[in-house]
Amino acid sequence: MTLPILSLGGYGCICVVSHLTGLQVREMIQAHLDGRVDEAARIHRRLLPLMKTLMTAAGNPSPSSTL
């Protein structure tokens, strides 16, 4: 939900997937802040399968601690 939150004017969030893909999440956020929304959306779409897996594999983000 990081990019959708940023797109609605939010600033900051807790991003579980960033424990595994910190550089890509940082690039996505920076692209959004720089106005490169197409690039931010492309990064978001690339990370989306991992995000969905982490957030649906268990009742909370605990799977990230086992990777």
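Going by the structure above, here's the rest.
Residues numbered from 1 in each chain as written. Predicted model: local features only at pLDDT ≥ 70, side-chain atom pairs only at ≥ 80, totals over all residues. Heavy atoms only, no water.

## Notes on helix 3 (residues 37-56)
Residues spaced three or four apart along an α-helix face the same direction, because each turn holds 3.6 residues. Relative to the 28 Å expected for 20 residues at 1.5 Å per residue, helix 3 spans 27 Å between its end C-alpha atoms, a close match to the ideal helical length. At L47, helix 3 shows its strongest bend, of approximately 45 degrees, with the proline P49 following within four residues. Regarding helix 3, the residues found buried are A40, A41, I43, H44, L47, M51 and L54. As for helix 3, its buried residues are in contact with helix 1 (2-7) and helix 2 (18-33). (Helix = DSSP H or I, 4+ residues; strand = E, 2+ residues; numbered from the N terminus. Expected span 1.5 Å × (residues − 1). Bend = angle between axes of the 7 residues up to and from the residue. Buried < 20%, exposed > 50% of the residue type's maximum accessible area, 1.4 Å probe, protein only. Contact = heavy atoms within 4.5 Å.)

## Some points on the side chain of H44
Tracing the backbone shows H44 in helix 3. The class of H44 is buried, set by a relative accessible area of 14%.

## Some details on the packing of helix 2 against helix 3
Two elements in contact, helix 2 and helix 3, have axes whose closest approach is 8 Å; the angle formed by their N-to-C orientations is 145 degrees. Once helix 2 is placed against helix 3, the crossing between them reads as left-handed. Residue-level contacts link L20, T21, Q24, V25, E27, M28, A31 and H32 of helix 2 to V37, E39, A40, I43, H44, R46, L47, L50 and L54 of helix 3. (Axes fitted to C-alpha atoms, helices over the stretch in contact; angles between N-to-C directions. Left-handed = near helix turned anticlockwise from the far one by under 90°.)

## Observations concerning the nonpolar core
Taken as a class, soluble globular proteins show a tendency for nonpolar side chains to be buried jointly. Core analysis: the largest hydrophobic core is formed by 12 residues, namely L3, C15, V17, V25, M28, A31, A40, A41, I43, L47, M51 and L54. Of all elements in the fold, only helix 2 and helix 3 reach the threshold of two or more residues within this core. The residues touching L3, leaving out its near neighbours within four places in the chain, are M28, H32, A40, A41 and H44. (Core = buried A, V, L, I, M, F, W, Y, C linked by side-chain atoms within 4.5 Å.)

## Observations concerning the pattern of salt bridges
Counted by the stated rule, this structure contains two salt bridges. Among the ionic pairs, D34 bridges to R36, the shortest N-O distance being 2.9 Å. Of the residues examined, R36 reaches a relative accessible area of 34% and is grouped as partly exposed. Notably, a salt bridge pairs R36 with E39, separated by 2.4 Å at the nearest N-O pair. Taken together, the salt bridges that share partners define one network made up of D34, R36 and E39. (Salt bridge = Lys/Arg side-chain N within 4 Å of Asp/Glu carboxyl O.)

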